[in-house]
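A closer look at the structure
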Amino acid sequence: TILQSSMPGLKLNEIIDNIDILWDSILSENFIFNFKNGLYIKAYDTLEKESRKITSSFQSKLIKIRKQSETELNKQEGSDDFTLICSNVVNELRKTAGTLEENLKSELQRFFEENQFIDILEEWRIPKLHEYDAKAKKAVYYEITKLQTHVEEIGLRNKISSQLDQYRKTVVTKAKDLAKEFSDDSSE
């Protein structure tokens, strides 16, 4: 009682109550902070899953189209206008890849617009779209390069085949000439 009468302000019970209120506030603030972090993590995880799904779908469709193009080129291998066919097939792959890229980009846009975490995802929209564009361009470049490599292989195979045919013809002609010379020498 001596201590209480000489000190103006709060009593010991009031200080303990204020500390309890302050502690509860700190805990609830931390809870809210963790809750917000949990929402951000869940939103980003959802975004990553959707982005991976869209990207892998794009790549698998692109691979399928390239393989179909390779099959078409293999069928047309011996034709006279093979180089024209090759350039048409490569241009068709580029065109189809562009259409696919736009379709899948709109699917990613739709995901951003229709997601339950739309407010949280908004800050990641632009970076993810740029990342998707970069991945799509890289995949298209890779598949077109593979298709062009296939075209070059077909060209080399045709060149080697024609050189081999020419070599065989030359060898047969020389063999006939040598056989004729030998027969002429032996008859004399």
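Our subject in this report is the structure included herewith. For clarity, every value in this text was computed on a predicted model and none was experimentally measured.

**Quick notes on the overall build of the chain**
A count of helical and extended segments in the chain gives four helices and zero strands. The N-to-C order of helical and strand elements in the chain reads α-α-α-α. Expressed as a percentage of the 188 residues in the chain, the buried residues total 25%. Total accessible area on the chain stands at roughly 14,000 Å², and carbon and sulfur atoms take up 57% of it.

**Some thoughts on a nonpolar patch on the surface**
There is a patch of nonpolar side chains on the surface, built from Leu164, Tyr167 and Val171 and spanning about 290 Å² of accessible area. Checked against the element boundaries, Tyr167 lands in helix 4 (residues 118–187).

**As for the packing of aromatic side chains**
A complete count under the given rule lists four aromatic pairs for this structure. Ring centres of Tyr40 and Trp124 lie 6.2 Å apart, and the angle between their planes is 90°; on these two criteria the pair is classed as edge-to-face. Taken together, the residues span a long stretch of sequence, with Tyr40 in helix 2 (residues 12–75) and Trp124 in helix 4 at a distance of 84 residues. Since its relative accessible area comes to 35%, Tyr40 is described here as partly exposed. Where Tyr44 meets Trp124, the ring centres are 4.8 Å apart and the plane angle is 70°; that geometry is what we call edge-to-face. You can see Tyr44 sitting in helix 2 and its partner Trp124 sitting in helix 4, a full 80 residues away along the chain. Given a relative accessible area of 34%, Tyr44 falls into the partly exposed group. Following the ring pairs from residue to residue traces out a cluster consisting of Tyr40, Tyr44 and Trp124.

**Notes on the nonpolar core**
Among the nonpolar cores identified, the biggest contains 32 residues, and Phe58, Leu62, Leu73 and Leu121 are the most heavily contacted of them. Those elements that place two or more of their residues in this core are helix 2, helix 3 (82–114) and helix 4. Once you skip the residues sitting within four places of it in the chain, Leu121 turns out to touch Ala43, Leu47, Phe111, Phe112 and Asn115.

**Details of the pattern of salt bridges**
Scanning the entire structure with this criterion turns up eleven salt bridges. Among the salt bridges present, the one from Lys128 reaches Glu48, with a minimum N-O distance of 2.3 Å. Placement of Lys128 in helix 4 and of Glu48 in helix 2 is noted, with a sequence separation of 80 residues between them. Among the residues examined, Lys128 registers a relative accessible area of 5% and is labelled buried. For Glu48, a relative accessible area of 17% translates into the label buried. As a salt-bridge pair, Lys105 and Asp133 come within 3.2 Å of each other at their nearest N and O atoms. Taken as a pair, Lys105 in helix 3 and Asp133 in helix 4 lie far apart in primary sequence, 28 residues in all. A residue is classified by how much of its surface remains accessible, and Lys105, at 25% relative accessible area, is partly exposed.

**Focus: a negative patch on the surface**
Where like charges cluster on the molecular surface, the negative patch consists of Glu14, Asp17, Asp20 and Asp24. If you trace the backbone, Asp20 turns up in helix 2. The partly exposed category is assigned to Asp20, whose relative accessible area is 43%.

**Comments concerning the side chain of Arg125**
Within the secondary structure layout, Arg125 lies in helix 4. Ignoring anything within four residues of it in the chain, the contact list for Arg125 reads Gln109, Phe112 and Glu113.

Criteria and thresholds
Residues numbered from 1 in each chain as written. Predicted model: local features only at pLDDT ≥ 70, side-chain atom pairs only at ≥ 80, totals over all residues. Heavy atoms only, no water. Helix = DSSP H or I, 4+ residues; strand = E, 2+ residues; numbered from the N terminus. Buried < 20%, exposed > 50% of the residue type's maximum accessible area, 1.4 Å probe, protein only. Areas by Shrake-Rupley, 256 points an atom, 1.4 Å probe, with all protein chains shown as cover. Patch = residues over 30% accessible without salt bridge, like charges linked within 9 Å, V, L, I, M, F, W, Y side chains within 5 Å. Salt bridge = Lys/Arg side-chain N within 4 Å of Asp/Glu carboxyl O. Phe/Tyr/Trp six-rings, centres within 6.5 Å; stacked < 30°, edge-to-face > 60°. Core = buried A, V, L, I, M, F, W, Y, C linked by side-chain atoms within 4.5 Å. Contact = heavy atoms within 4.5 Å. Lys, Arg positive; Asp, Glu negative; His and termini not counted. Charge placed at Lys NZ, Arg CZ, Asp CG, Glu CD.

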